[in-house]
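# Remarks on the overall topology
The lines below spell out each chain.
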Amino acid sequence: MEPDVSIESMCTIRVAVLPIGQIPVSLFRDYTSLLMLYSKIDLSSISSFYNEHQKSPFSHQPWDSGSLRFKFIVGGSPPSPWEDFQSNRKILAVIGIFHCPSSPNLDIVTDQFASACRGYSSALSQRCFGFCPGDEQLEDGSKKEGNLVLFPPADRQTLEMHSHTMMQDIAASLLMEFEKWVLKAESTGTIVKTPLDSQASLSSEEVIKAKKRRLGRAQKTIGDYCLLAGSPVDANAHYNTALELARLTGDYFWYAGALEGSVCALLMDRIAQRDPDLEDEVKYRYNSVIQHYRKSFIQDNAQRVSPLSFELEATLKLARFLCRRELAKEVVELLTNAADGAKSLIDASDRLILFVEIARLYASIGYERKAAFFSRQIAQLYLQQENRWAAVSAMQVLAITTKAYRVQSKGSLSTDSYPRENGLSHADGGKTHHHSVVSLFESQWSTLQMVVLREILLSAVRAGDPLAAWSAAARLLRNYYPLITPAGQNGLVNALSNSAAMLPSGIRCADPALPFIRLHSFPIHPSQMDIIKRNPSREDWWAGSAPSGPFIYTPFSKGEANNSNKQELVWVVGEPVQVLVELANPCGFDLRVDSIYLSVPTGNFDAFPISVTLPPISSKVITLSGIPTSVGPITILGCLVHCFGVITEHLFQDVDNLLLGAAQGLVLSDPFRSCGSPTMRNVLAPNISVVPSLPLLVSCVVGGDGAVILYEGEIRDVWISLANAGTVPVELANIELSGKNQDAVISIAYEALKSSLPLKPGAEMTLPVTLRAWQLSGADLEIAAARNTSGSLGRQSKDGSSPILLIYYAGELGSHGEPAENGSDVPPGRRLVLPLNICVLQGLSFVKARMLSMEIPAHIGENLPKPFYPGNITTEEIASSENKIDQLVKINPYRGSWGVRFLELELSNPTDVVFETSVSVQLENASGNDSFAADLDASEYRYPKTRIDRDSSARVLIPLEHFKLPILDGSFFMKESLVNGSAIGRSLSFSEKDAKAELNASIKNMISRIKVRWESGRNNSGELNIKDALQAALQASIMDVLLPDPLTFGFRLSKNSSGRYKESARDQSPSKDSVLAHHMTPMEVLVRNNTKETIKMNLSITCRDVAGENCVEGAKATVFWAGVLSGITMEAPPLQEIKHCFSLYFLVPGEYTLVSAAMIYDANDILRARVRSELREEPIICRGPPFHVRVSGAV
């Protein structure tokens, strides 16, 4: 059998093209390609070369439309034993090609060509073409006659023209030789025979039958030459005669041959008129041809040479003629019959050719799997031959089948079917088409695919192609590791290592082996590297743009629909970046990856390789890094891996498709899941763009980057060091605050930052920041208590409560410092996020607060103690006071007593340091008698410090006597009723609102002027927040704190009319403030009216001893008196003081107490509201504080 046969093959002239002499293979192929251009020569173009010596036997030669067809057999071919049966099998012309510079001796070339032509006895024309001859060779060749033709040096176009001319000459010479042969055969006859004839017996009957058949076979042969000469009409006439003679003699084999020739003549005659009727005629005739070939096989069943190959060739010719998708059913039937006949073929080469043709025809009608099946049969036939070239052929054939079996090498895939522009198969919105996954993975073919790859591996090893062997072993190991035993996996590893040992170092292969690599994530850049879009048209260029961090993405951004879900990632030239990838080794051996680094085809990225070792059946997440080198987009397709001695590219897209196929049941196994890796969502590679170099501020806290430990209310200065670690100076900078507790930042040295600009690369500056610790909330205290219980320090630095400094900074606007016309051309800026990491510890914890009322009795003397006026006291007077009691408690002249009110705060110190607390009050100068809120020239009044040891508690007293109002009037009660809600109606008048606001302002002003400060053992100070405690404690006692009593009482010694008693009493008294017993002591009681109205009262005076018994009445009275002590009716003018005189005579020395009381009649509403009396008819009683009298005995 012959390859590439068709019905038109019978009209094709075979020309052997042979290399002559020493000629390079590349030049020989180049020169041969010149001849291949002219496989068809029109008869009209050879008229100048054609000479008709006698009348042509081709009477119906179509000179205007006919042509001669050539088939060039490069390298020649051995003679066929069936040349007489089918003349187109003969080599009818020989063309030699030599290279003149390589073969300078033309005589030797001529002898070599003549020797080569001796093997082709059937050749009717010979030519030897020489290319690139020298001048001497041209001169020598012009003298030689014969078949030597020299092509002068010229360009390709000129050589093509010369080649065309030479082919026209060969066509004309062959046509004339065909005429001679036909004329000779018609006149004298010809003897033709086939291998079938040579095997026939020599009986007399067979000899007689052969003589009768000779004439019919001669007519068939003449018809063959008519076809070769391009005259189908003449050929058809001879074929018809041969058919009649063969039918009469029962020569079925030659009948079938003649019938084939007639079909070829029919097609040549109607070459441009193909229609259904013609197809039906061809099918009918060729079916008859097949039947007659089969008849000849049955009759000669015992012959060793079978005509079965011609029957199969005829079947293939008909199948090729009908080879169209719409006639696929008929073609498949013909090819199935041909495949069944292959079992009866004796010669293995015939089976090889048959399978090749069947595979080609199946592929032509789109039956790829059937074509792949027969291709494997071809490869098996090649592998049965123990030689390298057969193995190379088997490997090439199997490479063709890989597409049908879906195991093709990536190197054979077209770029159209393998998108690479985005690095992932989910470029169109993250969706993968289902049919593409099915086409890539078909798990039901797993066993067959493994067999195909194993055959490729075996053929590659035999062929000595280590790269192909490595590729086949890599595909086997990567795609089918679940079906391969550990021993088989180790065998493939050995095959990979052995193949790599025969390859040069650093060679690449398109097919990756292990490990499996998928994109894990893009690490978020540190907060110091946030990138901000820059708006050069605004002074606050950072406003209105969210930080990238490093992503710049918003779901409302405008863009193409297919990229709407892809994030934007910005990298900076010269700054290292990182990408996390996950590696998986699902096999049972240790996997050593010599190097792995990112694959970036855009060329503006320097990747850093690393090595890694994966234990059996394990996965690992690694960090791959690199540095962008120039501005522009970056595409990360996958990783370049140097493993098993070969460099391969592992694309993220492949693993994404693999995992998707595993999820849909189309792939054998998920390698990451089999290694114990958790299931993760598909990670889309963002759109990465590289911007020019930017400044980079690096911050640290001077003295350590740990949390700044502060107690509640503590104030401390912190110094932050800012250094420019980039290659571009910082030209612009701005500081903003963010986060919680922004009030904790008291001040920032903005001017220090501004004055340091521009901050050049490598330069450093220090930014002072003043901090104040905030008060911990109840929840914070509970968390701190729980941490203390568990043994950890109750700090609050990592709960997001610390304020954050945002430093926006940028370099120059453009390459020349000028703003760009388009904002997109402006380099972005950066944002430094600097958490201040304040760790607030609980300091003095507030336990409770309560109001205390304390009475310190006054001693009766010559005068009342010096009055204390809050508006008139000076700092010098406070500092020069000698008595500490006087510093702590000052007498209120309007009450005439030592009674004071205190706010007691109980504080606890749970820390490990000692605190000292001090109370201070800011005193005011009053601008009027009833103006309490005026704030003019305030001074501070300090009280003694209180020490609180660690793990201890203490109480701090805050005196409230300094805040008494001087006058009791009705305005306060309106304010107080508004505060309590008693006067609330649907709407308040403006005066009521003003009064309420004035009262609230007074209370707030009073609270704000009381300060409780502390100092710790760490030389730190702070202020205790007691506003809430004061507010709660004063809510119910505001009247007692701010309002004076309606009447205040005081006692003092009075002078007699002569003044002698006092002097003698002073001289005999052992102390300044005591009186003598057995002497009449004159005294005065002073009553002051603190209201703006006259008060009528009934005054009474009582003297009590140390036991509290009345000592002026009863049988056991120890004190005599002169004057009136009870039922004293008096009238006190507004805001004035009245006095009542009396005398006492003490019989017994000791301590006595004088107490005065007054019953007020006809009390108005103001007085009743002050003493909280609700009954209008009930009198009001005002009692004064006790006054002590020290009575000494006579000296």
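Below or above, wherever it landed, is the structure these notes cover. As the structure is a prediction and not an experimental result, all values here were calculated from the model.

### Some details on the sheet that holds strand β7 (residues 508-509)
As summarised here, the arrangement of the 5 strands in space is β7-β19-β18-β13-β15, forming an open sheet in which the pairing is mixed. Because the sheet does not close on itself, it has two edges, and the strands there are β7 and β15 (610-614). Strand direction decides the pairing type here: strand β18 (residues 638-643) and strand β19 (residues 646-651), joined by 6 bridges, are antiparallel. Bridged to L640 within β19 is E649. Along the sheet, helix α19 (residues 652-663) contacts β18 and β19; its crossing angle with β19, the most-contacted strand, is approximately 55 degrees.

### What about unusual backbone geometry?
Negative phi values dominate among residues other than glycine, just as trans dominates among peptide bonds. A cis amide bond links L514 with the next residue in sequence, P515, at an omega value of 0 degrees. Omega for the bond connecting L757 with P758 falls within 30 degrees of zero, at -5 degrees, which places this linkage in the cis form. Mapped onto the elements of the fold, P758 is located in the loop between α21 (750-755) and β26 (764-772). Of note, the phi angle at R406 is positive, near 60 degrees, even though the residue is not glycine. In this fold, R406 is placed in the loop between α14 (388-405) and α15 (434-440).

### Points about the state of the cysteines
A full pass over the atoms with the stated rule returns 0 disulfides. For the unlinked cysteine C128, the closest cysteine sulfur is that of C117, found at 8.1 Å. Distance from the sulfur of C675, which forms no disulfide, to the nearest cysteine sulfur (C587) is 8.5 Å.

### Regarding the packing of aromatic side chains
Here a ring pair, both rings aromatic, is described through the centre-centre distance and the interplanar angle of the planes. Across all of its chains, the model carries 28 aromatic pairs by this definition. Note on F85 and F253: the rings are 4.2 Å apart at their centroids and 25 degrees apart in plane angle, and the pair reads as stacked. With a gap of 168 residues between them, F85 in the loop between β3 (67-74) and β4 (91-99) and F253 in helix α8 (residues 252-269) connect regions that are remote in the sequence. Between F373 and F374, the aromatic rings sit 5.2 Å apart at their centres with planes inclined by 80 degrees, giving edge-to-face as the arrangement. The class of F374 is buried, set by a relative accessible area of 10%. Through a chain of ring-to-ring contacts, three or more aromatic side chains come together here, namely W82, F85, F253, W254, Y293 and F310. For the cation-ring pair, K220 lies above F85, with the distance from its terminal atom to the ring centre recorded as 4.6 Å. Over the ring of W389 we find R388; its NZ or CZ atom is 5.0 Å from the centre of that ring.

### Brief notes about the side chain of S125
Relative to the elements of secondary structure, S125 occurs in strand β5 (residues 125-131). According to the relative accessible area criterion, S125 is buried, its value standing at 3%. A distance of 3.2 Å separates a polar atom in the side chain of S125 from a polar atom in the side chain of S173.

### Here's the deal with the pairing of strand β16 (residues 618-628)
With 9 bridges connecting them, strand β12 (residues 577-585) and β16 associate as antiparallel partners. What sits directly across from E582, in β16, is V621. Across 4 bridges, strand β14 (residues 605-608) lies against β16 in antiparallel orientation. Note that in β16 the partner of F608 across the bridge is S625.

### A look at the pattern of salt bridges
Taken as a whole, this structure holds 34 salt bridges when the rule is applied. In this structure, R156 engages E160 in a salt bridge whose closest nitrogen and oxygen atoms are separated by 3.3 Å. With a gap of 4 residues between them, R156 and E160 both fall in helix α4 (residues 156-188), about one helical turn apart. According to the relative accessible area criterion, E160 is partly exposed, its value standing at 23%. A salt bridge links K220 to D224, with the nearest nitrogen and oxygen atoms 2.9 Å apart. Note that K220 and D224 are positioned in helix α6 (residues 204-228) at a spacing of 4 residues, about one turn of the helix.

The rules we used
Numbering of residues begins from 1 in every chain and follows the order in which that chain's sequence is written. Local features in this predicted model are restricted to residues of pLDDT 70 or higher, and side-chain atom pairs are both shown and tallied only at a pLDDT of 80 or more, whereas totals for entire chains, interfaces and linings draw on every residue. By convention in this description, side-chain values take in all heavy atoms of the structure and omit both hydrogens and water. The rule for pairing is simple: two strands pair if DSSP sees at least two bridges between them. Here a strand is any run of E in DSSP of at least two residues, a helix any run of H or I of at least four, and the numbering for each starts at the N terminus. Whether two residues are in contact is decided by their heavy atoms: any pair within 4.5 Å suffices. The axes used here are C-alpha line fits, helices contributing only the stretch in contact, and every angle between their N-to-C directions lies in the interval 0 to 180 degrees. Two cysteine sulfur atoms form a disulfide, by the criterion used here, when they sit within 2.5 Å. Two aromatic rings from Phe, Tyr or Trp, using only the six-membered ring of Trp, form a pair when their centres are within 6.5 Å; if the ring planes differ by under 30 degrees the pair is stacked, by over 60 it is edge-to-face, and anything between is tilted. Per-residue accessibility, obtained with a 1.4 Å probe over protein chains only, is compared with the maximum for each type, and a residue is labelled buried under 20%, exposed over 50%, and partly exposed between these values. By definition here, charges over rings are those cases where NZ of Lys or CZ of Arg is within 6 Å of the ring centre and within 35 degrees of the ring normal. Pairing of N or O atoms within 3.5 Å defines a polar contact, subject to two protein rules: one partner must be a possible hydrogen donor and the other a possible acceptor, and residues neighboring in sequence count only if both atoms are side-chain atoms. Whenever Lys or Arg places a side-chain nitrogen within 4 Å of a carboxyl oxygen from Asp or Glu, that contact is recorded as a salt bridge.

Worth remembering: the numbers are spatial, not functional.
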